[in-house]
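# A look at the structure
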There are 2 protein chains.
Amino acid sequence: MGPVHLNDTKEATVARLIGMLREAHGRGAKWVTFPELALTTFFPRYIYETPQEYDRFFEEGLPSPAMLPLFETAKALGVGFYLGFAEKVTEGGETHRYNTCVLVGPDGTLLGKYRKVHLPGTKDPLHKANFEHLEKRYFEVGDLGFNTFKSPIGRIGMCICNDRRWPETFRVMALQGAEIFMLGYNTPTLNIHHPEPAHLRALHHRLSIESAAYQNGAWVLAAAKCGAEDGFAMIGGSAIVAPTGETVAYAVSEEDEVITHACDMELGEYIRRSVFDFARHRRIEHYGLITSQTGVEIAE
Amino acid sequence: MGPVHLNDTKEATVARLIGMLREAHGRGAKWVTFPELALTTFFPRYIYETPQEYDRFFEEGLPSPAMLPLFETAKALGVGFYLGFAEKVTEGGETHRYNTCVLVGPDGTLLGKYRKVHLPGTKDPLHKANFEHLEKRYFEVGDLGFNTFKSPIGRIGMCICNDRRWPETFRVMALQGAEIFMLGYNTPTLNIHHPEPAHLRALHHRLSIESAAYQNGAWVLAAAKCGAEDGFAMIGGSAIVAPTGETVAYAVSEEDEVITHACDMELGEYIRRSVFDFARHRRIEHYGLITSQTGVEIAE
């Protein structure tokens, strides 16, 4: 998906999503993966002080009024989808905000929801560049964990953006039988934490999703926003990765673009029953630190 | 390292290792990573019935008599090294056999030992190709776990061959402060478990070590045997991978070949304090299945 600017209306943005959904359906697609925060610009790059300033980026209700036309069109066409959005929810009298995605079946059934666990960036501005990465300021850490959801095309696991850099994300879902991972992301071309060569941004994206696919014998469908939102550039590089770790479809434009692939859902099976037959080969007795220890601890 | 044939003597093979050690030292190398089972052919491809038949591939004592000239030369040159070998050890009256590697400091000090945890292949022959992969037949699962060892060049973590495909391997060592991962391997060009396109063998090797480097902000030094041992071909592709996930040195021949790189030991630091600052970003409360569950379990 190309850029969404601050002044773009949600109505116009959702119309673009619907246009891409129709194009995918025209090519025979049964499922569509949309980006993270697909209804608005990537607003965590800006500094806001109060909910009054940033609540306009959030959705309430599922579908929210803005999403409704997309939900209706997808159901009419019989296409399932993954959609990322900023979620505002009031539970037990408390208001929470999450970086969320939802999985909707081809018949309009809500199959699952995920709230982003690995929030990157900071809570307070760094003032190191002409933009920030304030996800920890606007969102709480997701409380739903990593799950998988049965669907007509196979068992689907969902995550969002920075989650894809962590092998833990995919392994937890693979242990629950995931055959397809879907994820949306928004990745700036500039690393504001370190003066890093620009080409590494795309390399790290591809290394993360290709290794995740191979090491779990599952498909990865990864959808980005690309181009520059109000001058702030993102890497794009939406991709479909086979369970062999091979990227079989790759978006190359800086604007709205649909990539499709006829995914052989049996391709990953040989990987899951040979080199990555978890039951036969995993040695959890030697993995203890992964769940018992959060940070690095060095014994002298 | 080029092929080691069944009829090659250990004396001749160790002389080749010493030759490569001298070449590396001549280029200024302070540390050398040798392959898995570097003193013999990759014997788990053959079917043997009794220890009398296969014990000739194993080493007893550290250094074993066969290794001694290598240990002496390395100490004389002041070069540290990693060496893979088949280990036979009698402990408490019981004989054990492991696929082992050892880390020796530039002053000859034994810094650490590792016994392979993720043994691939089978215990019984598959009879699917003109060779087998019988590591589970000749070796016990390693009992030492994944550790890191302090050295003059940084904190080193060790693993062997199939371990490199498992992100758990590297994460457990990174959580103990690993700055360099060393590993030896022997990977046949043919996947005997599935008729897989040949190019995937090298792709999966590179995906595994490049993602491990990036996702832990550490160097990877990976050394293979290459060429064909008595007609059985291996992929080679020994590599040095930077903490950015970029392969900076790569072996391309089918024979003994030394690759070197002046590794900037501070390069990974920015990755370990930003995107992969484990203490700040890991969410172990959502990783539970990784250590509580070995195989796939699907909830309906």
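The model shown is predicted, which means the values in this text are computed figures rather than measured ones. The written sequence of each chain sets the order in which its residues are numbered from 1. As they are written, the chains are lettered A onward and the ligands numbered 1 onward, keeping that order. Only residues with pLDDT of at least 70 are given local features in this predicted model, and only at 80 or more are side-chain atom pairs given and counted; all residues enter the totals for whole chains, interfaces and linings. Calculated side-chain values reflect all of the structure's heavy atoms, with hydrogen atoms and water omitted.

## A look at the overall build of chain A
Under the convention used in this document: Put simply, DSSP H or I for four residues or longer makes a helix, DSSP E for two residues or longer makes a strand, and each gets a number counted from the N terminus. Here the radius of gyration uses the C-alpha set of atoms, whereas the globule reference equals 2.2 Å times the residue count to the power 0.38. For the exposure calls, accessible area comes from a 1.4 Å probe over protein chains only, and a residue counts as buried if that area is under 20% of its type's maximum, exposed if over 50%, partly exposed in between. The contact criterion used is simple: two residues touch if any of their non-hydrogen atoms lie within 4.5 Å.
Along the backbone of chain A there are 9 helices and 13 strands. The globule rule puts the C-alpha radius of gyration for 300 residues at 19 Å, and the 19 Å found for chain A is close to it. Along the three orthogonal principal directions, the C-alpha set of chain A runs to about 55 × 55 × 45 Å. Residue burial in chain A is summarised as follows: out of 300 residues, 60% are buried. Considering only intrachain contacts with a sequence separation of at least 6, the fraction spanning at least 24 residues in chain A is 67%.

## Examining the packing of helix H1 (residues 10–26) of chain B against helix H3 (residues 68–77) of chain B
Residues and elements named next belong to chain B. To keep it simple, the criterion reads: All axes here are fitted lines through C-alpha atoms, helices being fitted over the stretch that makes contact, and every angle between N-to-C directions spans 0 to 180 degrees. Here the angle decides the label: under 35 degrees means roughly parallel, over 145 means roughly antiparallel, 65 to 115 means roughly perpendicular, and every other value means oblique. Each crossing is labelled by how the near helix is turned from the far one, with a counterclockwise turn of less than a right angle marking it left-handed and a clockwise turn marking it right-handed. Under the grouping applied here, Gly and all other residues not named as nonpolar or charged are polar, the nonpolar ones being Ala, Val, Leu, Ile, Met, Phe, Trp, Tyr, Cys and Pro and the charged ones Asp, Glu, Lys and Arg.
Contact geometry for H1 and H3: axes closest at 9 Å, N-to-C directions at 10 degrees. Judged by the inter-axis angle, H1 sits roughly parallel to H3. In the crossing of H1 with H3, the sense of the turn from one axis to the other is right-handed. Two secondary-structure elements touch here, H1 through Val14, Leu17, Ile18, Leu21, Arg22 and His25 and H3 through Pro69, Leu70, Thr73, Ala74 and Leu77. Partitioned by chemical class, the residues of the contact of H1 with H3 number 8 nonpolar, 2 polar and 1 charged.

## Here's the deal with the sheet that holds strand E8 (residues 180–185) of chain B
Residue and element names in this part refer to chain B. As a reminder of what qualifies: Strands were regarded as paired on the criterion that DSSP finds at least two bridges between them.
If you walk across this open sheet you meet the 6 strands as E6-E7-E8-E9-E12-E13, and the pairing is mixed. In this open sheet, the two strands that pair with only one neighbour each are strand E6 (148–151) and strand E13 (247–250). Strand-to-strand twist in this sheet, taken as the mean axis angle between neighbours without regard to direction, amounts to 20 degrees. Across 6 bridges, the pairing between E8 and strand E9 (residues 219–224) is parallel. Its bridge partner being in E9, Gly184 is matched across the sheet by Ala223. Of the strands in this sheet, E6, strand E7 (154–160) and E8 touch helix H5 (residues 167–174), which is tilted by about 155 degrees from E7.

## A closer look at the sheet that holds strand E13 (residues 247–250) of chain A
Two orientations exist for strands paired in a sheet by backbone hydrogen bonds: parallel and antiparallel. All names here are of chain A. Strand order in the open sheet made by the 6 strands is E6-E7-E8-E9-E12-E13, with mixed pairing throughout. Here the strands that pair on one side only, and so sit at the sheet edges, are strand E6 (148–151) and E13. Averaged over all adjacent pairs, the angle separating strand axes in this sheet is 20 degrees, with direction ignored. Pairing geometry for E6 and strand E7 (residues 154–160), over 4 bridges, is antiparallel. The residue bridging Thr148 from the neighbouring strand is Gly157, located in E7. Each of E6, E7 and strand E8 (180–185) is contacted by helix H5 (residues 167–174), which is oriented at about 155 degrees to E7, the strand it contacts most.

## As for the environment of Arg22(B)
All names here are of chain B. For Arg22, the location among the structural elements is in helix H1. Of the residues examined, Arg22 reaches a relative accessible area of 49% and is grouped as partly exposed. Residues contacting Arg22, with those up to four places away along its chain left out, are Thr73 and Leu77.

## Focus: H1(B)
Residue and element names in this part refer to chain B. Applied cut-off: Take the number of residues in a helix, subtract one, and multiply by 1.5 Å to get its expected span. This arc is taken over the directions from the axis of the helix to the C-beta atoms.
Between its first and last C-alpha, H1 extends 24 Å over 17 residues, near the 24 Å set by a 1.5 Å rise per residue. Inspection of H1 places Thr13, Val14, Leu17, Ile18, Met20, Leu21 and Ala24 among the buried residues, and these make up the whole buried set. Along H1, the residues classed as buried sweep out an arc of 160 degrees about the axis, all on the same side. Exposed side of H1, more than 90 degrees from the buried face: Glu11 and Gly26 are the residues found there. Considering only its buried residues, H1 is in contact with strand E1 (31–33), H3 and strand E3 (80–91). Of the residues trailing H1, Gly28 is marked for its positive phi of about 95 degrees.

## Comments concerning the side chain of Ser64(B)
Rule in force here: N or O atoms closer than or at 3.5 Å make up a polar contact, with two conditions inside protein: a donor-capable atom paired with an acceptor-capable one, and, for residues adjacent in sequence, both atoms drawn from side chains.
Topologically, Ser64(B) is positioned in the loop between strand E2 (58–59) and H3. A distance of 2.5 Å separates a polar atom in the side chain of Ser64(B) from a polar atom in the side chain of Glu59(B).

## Observations regarding the interface of chain B and chain A
Applicable threshold: By buried area we mean how much accessible surface two parts lose on assembly, using a 1.4 Å probe and totalling the loss over both. We define a salt bridge as a side-chain nitrogen of Lys or Arg found within 4 Å of a carboxyl oxygen belonging to Asp or Glu.
At the interface, 68 residues of chain B touch 68 residues of chain A. Counting each side, the surface lost to burial between chain B and chain A is near 6,200 Å², with a carbon and sulfur contribution of 61%. Among the residues of chain B in contact with chain A, Trp166(B), His286(B) and Thr294(B) are the three that bury the most area, contributing 11% of the side total. There are 4 salt bridges connecting chain B and chain A. Put simply, Glu168(B) and Arg282(A) hold a salt bridge, and the shortest N to O gap is 3.0 Å. Between the two partners, chain B and chain A, sit 33 residue pairs in polar contact (both at pLDDT 80 or more). Where the side of chain B that touches chain A is concerned, the elements lending two or more residues are H5, helix H6 (199–216), helix H7 (269–273), helix H8 (278–281) and helix H9 (289–292) of chain B. Here the side of chain B that touches chain A takes 10 residues from H6(B), the largest share from any one element.

Any functional reading would require information beyond the geometric quantities listed.
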